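# Overview (structure and organization)
What follows is each chain in one-letter form.
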Amino acid sequence: MKITPLHSRFAACVQGIDCSAQLASPAVSEVLAALDQHSVLIFPQQDLTPADQVRFSSYFGPLEQAITRMGDDDVARQIALLSNVNDDGTLRSISDRKMLFHRGNEMWHTDSTYKPQTALASLLYAVEVPPSGGQTHFASTRAAYADLDDERKALVDEGFATHSLAYSRAKVAQDLMSDELKKSLPPVERPLVRSNPATGDRSLYIASHAFAVRGMNEQAGLSLISQLLDWCTREEYVYRHDWQVGDLVMWDNRSTLHRATPFDAATHRRVMRRSTVIDAQYMASLAA
Ligand code: OGA
Ligand code: MN
């Protein structure tokens, strides 16, 4: 594997690996070590079926069942389909509920903070990309944490925030979530800072889904969350990914934020598939 950094603080391009092939365990460890070090890994020029993507992703842990799943079989249930194309090939109306649901991805977030089981990594694969727009932006919350002054670190180190998908999706439009989906995803408290058990590196852990901070009144909590999001997403912590068809991008949800950016969805096609690895080690540590 050849690993080339793409930014001074995080993100790297990984060449010399075929993600559709069987991976031996030393190679899996090598990828995980690269993820620990760089937080965002770009694997260009991959050619992956949904089953290949699920196989590769599963080397890193158990996979989530997706909310906007691709289909009902075992593979498709583990893949979130982000697409503006209908089954008949026509473009989806931009006011379509599915489209609005994905507009929520344009707010800075990290995946699945609001789920009963948080996510270690996400893997997003580009099937079709628009000629312009539709970049994904990533921010290093590890670099952002490292640069906090001691007073701020002390403030966030023992803190907790409450996360809810209903909260972040309500910012896009009311009623994007069915009552059943809302009920299955009650608000959940998560620490404001996560540490990587392999490296000890600490990172801020916040998202558009966060809306309350333990021990603070509503306004103070919202204000702290918004200040932290602003801090983490300053220019120096941001890597912008311009997608090429065949890119597989894997990111560490514990140490990064990301957001989708708009594109001309009324004219161009964008089809992406995401698989998400559950943070099984962290969930086990909470249960212990
Ligand atoms: C995601 C996501 C961003 C994008 O799949 O989790 O936020 O650019 N995607 O599609
Ligand atoms: Mn996301």
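The sections below set out a description of the structure shown in this document. (Residues numbered from 1 in each chain as written. Chains lettered and ligands numbered in written order. Predicted model: local features only at pLDDT ≥ 70, side-chain atom pairs only at ≥ 80, totals over all residues. Heavy atoms only, no water.)

## Concerning the nonpolar core
Within soluble globular proteins, side chains that are nonpolar generally end up buried alongside one another. Cut-off, in case you're wondering: Residue types Ala, Val, Leu, Ile, Met, Phe, Trp, Tyr and Cys, when buried and joined through side-chain atoms within 4.5 Å, form a set referred to as a nonpolar core. Only protein chains enter the area calculation, which uses a 1.4 Å probe; residues under 20% of their type maximum are buried, those over 50% are exposed, and those in between are partly exposed. Counting from the N terminus, the helices are the DSSP runs of H or I reaching at least four residues and the strands are the DSSP runs of E reaching at least two. Whether two residues are in contact is decided by their heavy atoms: any pair within 4.5 Å suffices.
Within the largest apolar cluster, 25 residues are counted, with the highest numbers of intra-cluster contacts made by I17, L41, F43, F56, L248 and M250. For this core, the elements supplying multiple residues, two or more each, are β2 (12-15), α1 (25-38), β3 (40-43), α2 (50-58), β5 (119-128) and β13 (248-252). When residues in this core are grouped by element, the largest group, five residues, is from α1. Excluding its chain neighbours within four sequence positions, the residues that come into contact with L41 are A12, V14, V31, A34, L35, L248, V249 and M250.

## A word on the sheet that holds strand β11 (residues 210-213)
Stated formally: Think of it this way: DSSP has to see at least two bridges between two strands before they count as a pair. All axes here are fitted lines through C-alpha atoms, helices being fitted over the stretch that makes contact, and every angle between N-to-C directions spans 0 to 180 degrees.
Strand order in the open sheet made by the three strands is β8-β7-β11, with antiparallel pairing throughout. Because the sheet does not close on itself, it has two edges, and the strands there are β8 (188-191) and β11. Averaged over all neighbouring strand pairs, the angle between strand axes comes to 40°, with direction disregarded. Here three bridges tie strand β7 (residues 160-163) to β11, and the two strands are oriented antiparallel to one another. Bridge assignment links T162 to a residue of β11, and that residue is A212.

## So, the side chain of H102
Among the secondary structure elements, H102 is positioned in helix α3 (residues 97-103). In contact with H102, other than residues within four places in its own chain, are T68, L81 and L82.

## Overview of the sheet that holds β5
Spatially, β1-β2-β3-β13-β5-β15-β4 is the arrangement adopted by the seven strands of the open sheet, whose pairing is mixed. Whereas interior strands pair on both sides, the edge strands pair on one side only; in this sheet they are β1 (2-5) and β4 (80-83). When strand polarity is set aside, the average angle formed by the axes of neighbouring strands in this sheet is 20°. Its contacts with the sheet place α1 against β1, β2, β3, β5 and β13, and it is angled at close to 130° to β3.

## What to know about the packing of helix α5 (residues 150-157) against helix α8 (residues 218-232)
Cut-off, in case you're wondering: Convention used here: angles under 35 degrees read as roughly parallel, angles over 145 as roughly antiparallel, angles from 65 to 115 as roughly perpendicular, and any remaining angle as oblique. Note: crossing handedness is left-handed where the near helix turns anticlockwise from the far helix by less than a right angle, and right-handed where it turns clockwise. Here the term charged refers only to Asp, Glu, Lys and Arg, the term nonpolar to Ala, Val, Leu, Ile, Met, Phe, Trp, Tyr, Cys and Pro, and the term polar to all other amino acids, Gly among them.
Where α5 meets α8, the closest approach of the two axes is 13 Å, and the angle between their N-to-C directions is 125°. Here α5 lies oblique to α8, going by the angle between them. The crossing of α5 and α8 is left-handed. Here R152, L155 and V156 of α5 lie close against α8, whose contacting residues are L224, Q227 and L228. Residues of the contact of α5 with α8, tallied by class, amount to four nonpolar, one polar and one charged.

## Description of the packing of aromatic side chains
How we decide: Planes of paired rings set the category: under 30 degrees apart is stacked, over 60 is edge-to-face and the rest tilted, where pairs are Phe, Tyr or Trp rings (Trp by its six-membered ring) whose centres lie within 6.5 Å. Should the NZ of a Lys or the CZ of an Arg lie within 6 Å of a ring centre and within 35 degrees of the ring normal, that charge is described as sitting over the ring.
In total, this model carries six aromatic pairs according to the counting rule given. A ring pair is formed by W231 and Y237, whose centres lie 6.1 Å apart and whose planes are at 55°; its orientation type is tilted. Accessibility expressed as a relative area gives 24% for W231, which makes it partly exposed. Here a set of aromatic residues connected by ring pairs shows up, and it is made of F43, F56, Y59 and F60. Against the face of Y205 rests R194, its NZ or CZ located 4.9 Å from the ring centre. Just above the ring of Y282 sits the side chain of R194; from NZ or CZ to the centre is 3.6 Å.

## A look at the environment of D252
Examined against the element boundaries, D252 turns out to sit in strand β13. Owing to a relative accessible area of 2%, D252 belongs among the buried residues under this scheme. Counting along the chain gives 141 residues from D252 to D111, while the straight-line C-alpha distance between them is 9.4 Å.

## A word on the coordination of the manganese ion (ligand 2)
Going by this rule: Here a donor is any nitrogen, oxygen or sulfur atom (N, O, S) within 2.8 Å of the metal, with 3.2 Å used for Na, K and Ca; water is not among the atoms considered, so some sites may look incomplete.
The manganese ion (ligand 2) binds to the protein through H109 (NE2), D111 (OD) and H258 (NE2), with metal-donor distances spanning 2.1 to 2.2 Å. Mapped onto the sequence, the donors of the manganese ion (ligand 2) take the spacing H-x1-D-x146-H. Placement of the pair is D111 in the loop between α3 and β5 and H258 in strand β14 (residues 256-260), with a sequence separation of 147 residues.

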